[in-house]
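Per-entry structural report
Residues per chain are reported as follows:
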Amino acid sequence: MIRFSFLLTPIIYKCTSIKYSLFFHFFLSYNYIVEAIIMYQQIRPHVYHNEYHPVPPVNDDIVLSYDGNNILMKKDRTFFHYEEVDPSIDFYYLFEIDTTHFYLADLSEMDHISLSVHTMRGYQPKHMSFAGITGWQIYTWLNGHQYCGKCGSPFIHDRKERAQRCPRCGNIVYPVISPAVIVGVINDEDQLLVTQYANGSYQKYALVAGFNEVGESIEETCIREVREETGIEISEMEYYGCQPWAYSSSILFGFFARAHGKQEILMDSHELRTAKWVSRKDVYIDPQDETALTAEMIRHYLYEGKKRMNYNRIIYQIYPIGFCGAPRINDGVTVNRIQHVTEWIPHMEKLGVTTVLFNPLFESDAHGYDTRDMTKVDCRLGTDTDFAEVCAALHDHDMEVILDGVFNHVGRGFPYFQDVIHNREYSAYKDWFIINFHDHNGPDGFWYECWEGHHELVKLNLDNPQVRQWLLSTVDSWIEQYRIDGLRLDVAYMLNRTFMRELCDHVRASHPDFLFIGEMIGGDYNVLMNDHLLDSVTNYECRKGIYSSFNDHNLCEIGFSLNRQFANENWTLYRGSHLLSFCDNHDVDRIASILKDKSYLPAVYALLTAMPGIPCIYYGSEWGEEGRKGAHSDDDLRPYFEKPVENELSEYVSRLNHMRLSHQIFTDGDYRQIQSMNEHMAFSRNLGNETLIFAVNISNHPATVFGNMPSGHFRDLMTGKEMEINGNIPLEPGEILFLYRK
């Protein structure tokens, strides 16, 4: 879903004495939160400035040049900078992105290459793609509007507004943008109406589309175009989003609509070559089309199944090599250690676990992230059959299975990389990796890209279609063999986005409720967590906020993070999203080790339960196990336990989990902060007619919560205590409350 507000305004620029007449189109001045794939005009975090303020170019400014439908670029496929061109030629101010100004000039005499402007749709970085496309629209509009249509005199730029003015007759012409619609029609069988154009070069599947006619509303255009092209009558139209489309000087308005009853498709063969209904499993989106509104709308239809995703989960994370007591280095000996997981099923059931997340368990050199064979369970853990039996046992106890997908890199023992080591330039697999044989700085006499400087982790070339297809087939085999229910994408923050989208498209076409979780350390989580990519990402911001707030007796820190992420306001970052909430995992110090006062552990898990998100518990931490990250090893974080420990803390965590699972408000309720102080805080969650107030006091003294809060009769879900709330909540030292009413 896209949430945005926009102001449709003319963008007015003036230029001095000119070789080209310049105009810009009507454009959307954006103020939005993107929760979708990146269309070409969406350039966050960069900011497009359409205000008119022409200034003389300086060295770092960029000069765009075009020849017909081609853009002129340097031989390294980058744009020209002002300092690289003849300063005596005419420059025309276009726009500004961040603090960089863009100009138009004739650079045909420069040493250049000529590329189709359509290649700009896939150009990186994204804001430069947008600049190249938008500059071309100015250029093409200019070429078509050099002379007055009334008297034939040459136009000049008007100096007061963005317009072409005739100095002879006074005629003024403004940029003209053609409104057009794209309609995603869905029938009663939940199928999508797709088409192929009868004419033109674009022959991939599209949606019904057409231009607005005189005297017609946009909604009426949708009805007419669908009727004319397919004979289908539509209703229940819902606006989806819009996109400026420079290639036809259009502004595209996307709508979804319903077609009820048994309606026969009556295709207009002059307009279309194909018109048919397709189901989600038959939908395919070419990654090359990802910048278009049509592709986004098709993808939105494809992922509507995500709306039925069950986020009411308690995830239990296991690092199999450590959990099962396997040797740290692969010894090549097959031992069925993975069955150790089944011995913990009663403990996990008692905890309320709904989903088990397995970190890497496929054949690797050592720690699992240095994979040798993604199609074979690590021999130190057992066989494929052994793991299939574990998955079946978990499923029999209503627990889902998520695997750790390590798709960014492989280990040096990966057979195809070994082939490259031995055959170098002659290897059939050299393009599976990112290699420079002319650079000898590497352990094998050549340079290759690795993960963050670790040569044992060889980066896969995910731009290679063969590699991507191999990975998709691998995931298919996991789904078929182990019936897995989701994936955690390792280092998702740096994973190739094209591959990530292709993976999500591929799996969800047949498994719409498949859960994708991405590892993301910082930045804008919406980049990966949106309607068209991942369902969730790791909430490292709140993980830090949790332990830091308790250690520093400053609950304002976690209160600030929760409020900016989830508050019931339009400006918040992740309102309604389901981030993965955790206080430790296989990569960071355990919460019992990092807390200065371990008596706060129950309050930590209570907060983890009450806050928005999907709670994830790392094995052993539920009973307060300690562990710290070593200087050169993570072994202390990933130990073997013969059996689980059950104590007062694990019992409390179990009660928290079962309480959460039995009240949907924890999963889908909103977030409203009541008060956040150094040693006490409170917030409410609301869902329909249900209200939950969470309050905690970590001081040794009584405290009182004040603020804007619901009033009335409440019951504490953990203790059964009844309370009447009227503007304040008294808290005893160390008290934790889950006040609920319905």
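Everything numeric here is computed off the predicted structure, so don't read it as measured data.

Attention now moves to the overall build of the chain. Counting its regular elements, the chain contains 15 helices and 42 strands. Taken over C-alpha atoms, the radius of gyration comes to 30 Å for the chain, in line with the 27 Å a tight globule of 742 residues would show. With the principal axes as the frame, the chain shows a C-alpha extent of 90 × 75 × 60 Å. Within the span of the chain, comprising 742 residues, buried residues form 57% of the whole. Taking all contacts inside the chain whose residues are at least 6 apart in sequence as the whole, residues at least 24 apart take part in 68%. For the chain, the separation between the mean place of its 64 positive charges and that of its 101 negative charges on side chains is 3 Å.

Before going further, it helps to examine the pairing of strand E40 (residues 722-725). The alternating pattern of E40 places Met723 and Ile725 on a buried face, while none of Glu722 and Glu724, on the opposite face, is buried. Summarising the sheet, strand E39 (residues 712-716) and E40 pair through 4 bridges and their orientation is antiparallel. The residue bridging Arg715 from the neighbouring strand is Glu722, located in E40. Joining the antiparallel neighbours E39 and E40 is a turn of 5 residues, in which Gly720 adopts a positive phi near 80°.

What follows deals with the pairing of strand E35 (residues 672-676). Bridging between E35 and strand E36 (residues 680-687) involves 4 bridges; their strand directions are antiparallel. From the neighbouring strand, Arg672 faces E36, where its bridge partner is Ser684. The loop that links E35 with its antiparallel partner E36 comprises 3 residues.

Turning our eyes to something else, we now look at the domain arrangement of the chain. According to the domain assignment, the chain contains domain 1 (48-144), domain 2 (178-305), domain 3 (316-405 + 487-666) and domain 4 (669-741). The distance between the C-alpha centroids of domain 1 and domain 4 comes to 57 Å.

Turning next to helix H10 (residues 540-551). Spanning 12 residues, H10 covers 17 Å between terminal C-alpha atoms, matching the ideal 16 Å at 1.5 Å per step. Counting buried positions over the 12 residues of H10 gives 10, a clear majority of the element. Turning to H10, its buried residues number three or more, namely Tyr540, Cys542, Arg543, Gly545, Ile546, Tyr547, Ser548, Ser549, Phe550 and Asn551. For H10, the secondary structure elements touched by its buried residues are helix H11 (556-566), helix H12 (591-594) and helix H13 (601-610). Note on H10: the residue one or two positions beyond its end, His553, has a positive phi of about 50°.

The next point concerns the packing of aromatic side chains. Taken as a whole and assessed by the stated rule, the structure comprises 43 aromatic pairs. When the centroid spacing of 5.6 Å and the interplanar angle of 65° are considered together, the rings of Tyr48 and Phe95 count as edge-to-face. Here Tyr48, found in strand E3 (residues 48-49), pairs with Phe95, found in strand E8 (residues 92-97); they are 47 residues apart in sequence, far enough to count as distant. On the basis of an interplanar angle of 45° and a centroid distance of 6.5 Å, the ring pair of Phe362 and Tyr482 is categorised as tilted. Of this pair, Phe362 sits in strand E22 (residues 362-364) while Tyr482 sits in helix H8 (residues 465-482), placing them 120 residues apart in sequence. The class for Tyr482 is buried, based on a relative accessible area of 2%. An aromatic cluster is present here, built from Phe414, Tyr416, Phe417, Tyr429, Trp432, Phe433, Phe437, Phe446, Tyr448 and Trp470 joined pairwise through their rings. Lying over the aromatic face of Tyr619, Arg590 brings its terminal NZ or CZ to 5.5 Å of the ring centre. A cation sits over an aromatic face here: Arg638 above Tyr319, 4.4 Å from the ring centre.

Here the focus is the sheet that holds E40. Judged by pairing direction, the sheet is antiparallel, and its 6 strands sit side by side in the order E35-E36-E37-E42-E39-E40 without closing on themselves. Of all the strands in the sheet, just E35 and E40 have a single pairing partner and so form its edges. With strand direction ignored, the average angle separating the axes of adjacent strands in the sheet is 25°. The sheet strands contacting H11 are E35 and E36, and the helix crosses E35 at an angle near 165°.

With that settled, the discussion passes to the sheet that holds strand E12 (residues 164-165). On the basis of which strands lie adjacent, the open sheet formed by 3 strands has the order E11-E12-E13 and antiparallel pairing. In this open sheet, the two strands that pair with only one neighbour each are strand E11 (156-157) and strand E13 (172-173).

Packing of H13 against helix H14 (residues 648-661) leaves a shortest axis separation of 10 Å and a crossing angle of 15°. When the interaxial angle is binned, H13 and H14 end up roughly parallel. The way H13 lies across H14 gives a crossing that is right-handed. On the side of H13, the interface is formed by Leu601, Pro602, Tyr605, Ala606 and Thr609, while H14 contributes Leu649, Tyr652, Val653, Leu656, Met659 and Arg660. Within the contact of H13 with H14, the residues separate by chemical class into 9 nonpolar, 1 polar and 1 charged.

Take the nonpolar core next. One finds Phe358, Phe407, Leu487 and Phe738 to be the most contacted residues of the largest nonpolar core, which totals 135 residues. Counting residues per element, this core draws most heavily on H13, which supplies 8 residues. With residues near it in sequence (within four places) discarded, Phe358 still touches Ile318, Pro320, Ile338, Val341, Phe387, Val390, Leu394, Val401, Ile402, Leu403 and Asp404. Counting 48 residues, the second largest nonpolar core, distinct from the first, contains Tyr92, Trp136, Ala180 and Leu293.

Turning our eyes to something else, we now look at unusual backbone geometry. Cis geometry is found at the peptide bond from Gln124 to Pro125, where omega equals 0°. By the element assignment, Pro125 lies in the loop between strand E10 (113-116) and helix H1 (126-143). Phi is positive for Asp190, which is not a glycine, with a value near 65°. When you line up the elements, Asp190 lands in the loop between strand E14 (178-187) and strand E15 (192-197). The class for Asp190 is partly exposed, based on a relative accessible area of 26%. A positive phi angle, near 50°, is found at Glu452, a position not held by glycine. With respect to the helices, strands and loops of the structure, Glu452 is situated in the loop between strand E28 (450-451) and strand E29 (454-459).

Rules used in this analysis
Residues numbered from 1 in each chain as written. Predicted model: local features only at pLDDT ≥ 70, side-chain atom pairs only at ≥ 80, totals over all residues. Heavy atoms only, no water. Helix = DSSP H or I, 4+ residues; strand = E, 2+ residues; numbered from the N terminus. Rg over C-alpha atoms; globule rule 2.2 N^0.38 Å. Buried < 20%, exposed > 50% of the residue type's maximum accessible area, 1.4 Å probe, protein only. Contact = heavy atoms within 4.5 Å. Lys, Arg positive; Asp, Glu negative; His and termini not counted. Charge placed at Lys NZ, Arg CZ, Asp CG, Glu CD. Pairing = 2+ DSSP bridges. Domains from an automatic or database assignment. Expected span 1.5 Å × (residues − 1). Phe/Tyr/Trp six-rings, centres within 6.5 Å; stacked < 30°, edge-to-face > 60°. Lys NZ or Arg CZ within 6 Å of the ring centre and 35° of its normal. Axes fitted to C-alpha atoms, helices over the stretch in contact; angles between N-to-C directions. Parallel < 35°, antiparallel > 145°, perpendicular 65-115°, else oblique. Left-handed = near helix turned anticlockwise from the far one by under 90°. Nonpolar A, V, L, I, M, F, W, Y, C, P; charged D, E, K, R; others polar. Core = buried A, V, L, I, M, F, W, Y, C linked by side-chain atoms within 4.5 Å.

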